[in-house]
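# Chain and residue survey
Below are the chains, spelled out letter by letter.
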Amino acid sequence: MGDEVRCRVCGEAPGPVAEALGICLDCIRERPDEAMPHIERAHEVARRRHGLPARPPRTEGGVSCGLCSNRCIMGEGERGYCGLRWNEGGLRSLSDASEGLLYAYLDPHITNCCAAWFCPGATGAGYPRYAYRDGAERGYSNLAVFLYGCNFDCLFCQNPSHKELDPRRWVSADALAGLAAEGPKVSCICFFGGSPEPQLPFTINASEAALEVRRGRPLRICFEWNGCGDPFLVRRAAELSLVSGGNVKFDLKCFTPELSLALSGVPNRQAYR
Ligand code: SF4
Ligand code: SF4
């Protein structure tokens, strides 16, 4: 057994205390003013090694981004919280409507998707409009699209490689749409990551293009996200899921605002609106 981690605020070890955070649950909830400097420091350390800013920038006179609830305002040379957008003589981005930063692979049905228990891909719900089989879609695949970048900074993220923002991962919306629409055994696209919010214009554009090519044959569009994207884009993305028989999956994380800051580095109130 290793040494017990003690809370840096109360000095106790009233339950499990994460080493990366060093604050107990009670102090996060009940002594947030004392806990917050430690929380901010933990995220700063975790993000520095990826060259990401400690907090969403708010530089007066900078360029703004409204793709997610962080609403970064980036001064010259500054990067947004997700790392995908920055100010270099104006707003620059590693992702826009026509190109995204991603890794895509085929995941045979039935997948380990959290929606599998009611999804058309596993149950045949909505067959033949939304599914190829009146039951499990064996022999078909999900096109899983791992998007790089995230508007959150969860300290225990299960996919931390999303922070490796390598422009060699660029894929055009047309190429992704072609992969999905022309693969005869692809029955759905699921966007996850990271989280889709910072790349919503790309995911919407690629999905619309894929549905256009696939026309009339099932191709479900699904999103798995933290729920803090721009409301207008979120609505459009959700409409695409609705008309195609797909699912929108929210990772709601924490209800208590202080816990969201501790776990994810930023507030998540928008996900609950
Ligand atoms: S997508 Fe969100 S985190 Fe990224 S730059 Fe825009 S507002 Fe900031
Ligand atoms: S919602 Fe989409 S990703 Fe999830 S199991 Fe169904 S078809 Fe696959």
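Residues numbered from 1 in each chain as written. Chains lettered and ligands numbered in written order. Predicted model: local features only at pLDDT ≥ 70, side-chain atom pairs only at ≥ 80, totals over all residues. Heavy atoms only, no water.

## Observations regarding the environment of Arg-129
Selection criterion: Runs of H or I in DSSP of at least four residues are treated as helices and runs of E of at least two as strands, each being numbered from the N terminus. Each residue's exposure class comes from its accessible area (1.4 Å probe, protein chains only) as a fraction of the maximum for that residue type: buried when under 20%, exposed when over 50%, partly exposed otherwise.
Following the sequence through the fold, Arg-129 ends up in the loop between helix 3 (120–123) and strand 6 (141–147). A residue is classified by how much of its surface remains accessible, and Arg-129, at 59% relative accessible area, is exposed. Separated by 87 residues in the primary sequence, Arg-129 and Gly-216 have C-alpha atoms spaced 8.2 Å apart.

## As for the site of ligand 1
Rules: Here a residue is considered near a molecule or strand provided that any single heavy atom belonging to it is located within 4 Å of it. Put simply, Ala, Val, Leu, Ile, Met, Phe, Trp, Tyr, Cys and Pro go in the nonpolar bin, Asp, Glu, Lys and Arg in the charged bin, and everything else, Gly too, in the polar bin.
Taken together, Cys-65, Leu-67, Cys-68, Asn-70, Arg-71, Cys-72, Gly-80, Tyr-81, Cys-82, Arg-85 and Pro-198 make up the full set of residues adjacent to ligand 1. Considering only residue class, the shell around ligand 1 consists of 7 nonpolar, 2 polar and 2 charged.

## Some points on the pattern of salt bridges
So the rule is basically this: Any carboxyl oxygen of Asp or Glu within 4 Å of a side-chain nitrogen of Lys or Arg constitutes a salt bridge here.
Tallied over the full model, the rule gives 12 salt bridges. One salt bridge connects Arg-31 with Glu-34, and the closest N-O pair in it is separated by 2.9 Å. We note a salt bridge from Arg-236 to Glu-239, for which the minimum N-O separation is 3.2 Å. Within this pair, Arg-236 and its partner Glu-239 are both found in helix 6 (residues 231–244), separated by 3 residues, close to a single helical turn. Several salt bridges converge on common partners, so that one network encompasses Arg-47, Asp-153 and Lys-163.

## So, the state of the cysteines
To keep things clear, this is the line we draw: The rule for a disulfide is simple: a pair of cysteine sulfur atoms within 2.5 Å.
Throughout the structure, instances matching the rule amount to 0 disulfides. As a non-bridged cysteine, Cys-7 has Cys-24 as the owner of its nearest cysteine sulfur, 3.8 Å distant.

## Considerations on helix 6
Test applied: In this scheme, a helix's expected span is set at 1.5 Å multiplied by one less than its residue total. Directions are taken from the helix axis to each C-beta atom, and the arc is the one they span.
If you check helix 6, its first and last C-alpha atoms are 20 Å apart, about what 14 residues at 1.5 Å a residue would give, namely 20 Å. Among the residues making up helix 6, those that are buried are Leu-233, Val-234, Ala-237, Leu-240, Ser-241 and Ser-244. Taken end-on, helix 6 shows its buried residues confined to a sector of 120 degrees, consistent with a single buried face. Away from its buried face, by an angle of more than 90 degrees, helix 6 presents the exposed residues Phe-232, Arg-235, Leu-242 and Val-243. Gly-245 sits one or two residues past helix 6 and shows a positive phi near 85 degrees.

## Comments concerning the pairing of strand 6
Rules: Two strands are said to pair when DSSP picks up at least two bridges between them.
Taking burial as the measure, the 7 residues of strand 6 include 7 buried ones, the bulk of the element. Neither face of strand 6 is left uncovered, since the one carrying Ser-141, Leu-143, Val-145 and Leu-147 and the one carrying Asn-142, Ala-144 and Phe-146 both have all their residues buried. Of the strand pairs in this sheet, strand 6 and strand 8 (residues 186–193) are connected by 7 bridges, and their pairing is parallel. When the bridges of strand 8 are listed, Asn-142 appears paired with Cys-188.

## A closer look at the sheet that holds strand 9 (residues 220–225)
What counts is decided by this rule: To obtain each axis, a line is fitted to C-alpha atoms, and for helices this fit is confined to the stretch in contact; angles are then taken between N-to-C directions over 0 to 180 degrees. For this analysis, residues touch if any pair of their heavy atoms sits within 4.5 Å.
A sheet is described by the order of its strands in space; here 6 strands give the open sequence 7-5-6-8-9-10, paired in mixed fashion. Of all the strands in the sheet, the pair left with one neighbour each is strand 7 (170–172) and strand 10 (248–250). In this sheet, neighbouring strand axes are inclined to one another by 30 degrees on average, regardless of whether the strands run parallel or antiparallel. Bridge analysis of strand 5 (residues 99–108) against strand 7 gives 3 bridges, and the strand direction is antiparallel. In the strand pairing of strand 7, Glu-99 is matched with Ser-172. Relative to strand 7, helix 4 (residues 173–182) is tilted by about 70 degrees, and along the sheet it contacts strand 5, strand 6, strand 7 and strand 8. The sheet strands contacting helix 5 (residues 200–214) are strand 5, strand 6, strand 7, strand 8 and strand 9, and the helix crosses strand 9 at an angle near 165 degrees.

## Digging into the nonpolar core
For soluble globular proteins, nonpolar side chains are generally found buried alongside one another. Basically, it comes down to this: To form a nonpolar core, buried Ala, Val, Leu, Ile, Met, Phe, Trp, Tyr and Cys residues must be joined to one another through side-chain atoms within 4.5 Å.
In terms of nonpolar packing, the biggest core is built from 35 residues, with Val-145, Leu-176, Ile-189 and Phe-191 touching the most fellow members. Of all the secondary structure elements, the ones that give two or more residues to this core are strand 6, helix 4, strand 8, helix 5, strand 9 and helix 6. By residue number, the principal contributor to this core is helix 5, which donates 5 residues. In contact with Val-145, other than residues within four places in its own chain, are Leu-102, Tyr-103, Ala-104, Leu-176, Ile-189, Cys-190, Phe-191 and Phe-192.

## Remarks on the domain arrangement of the protein
Where we set the bar: Domain borders in the structure are assigned automatically or taken from a domain database. By buried area we mean how much accessible surface two parts lose on assembly, using a 1.4 Å probe and totalling the loss over both. By the criterion applied in these results, polar contacts are pairs of N or O atoms within 3.5 Å in which, for protein atoms, one can donate a hydrogen and the other can accept it, and in which residues neighboring in sequence qualify only through two side-chain atoms.
Here the protein is described as being made up of domain 1 (1–49) and domain 2 (99–272). Averaged C-alpha coordinates put domain 1 and domain 2 at centres separated by 33 Å. On the side of domain 2, 12 residues touch domain 1, which itself brings 13 residues to the contact. Between domain 1 and domain 2, the buried area comes to about 950 Å², and carbon and sulfur atoms account for 75% of it. One can count 1 salt bridge joining domain 1 with domain 2. Two residues, Arg-47 and Asp-153, come together in a salt bridge whose shortest N-O distance is 3.4 Å. At the boundary of domain 1 and domain 2, one finds 4 residue pairs in polar contact (both at pLDDT 80 or more). The dominant element in the side of domain 1 that touches domain 2, judged by the number of residues it contributes, is helix 2 (residues 32–48), at 7 residues. Of the residues assigned to the side of domain 1 that touches domain 2, the class counts are 10 nonpolar, 1 polar and 2 charged.

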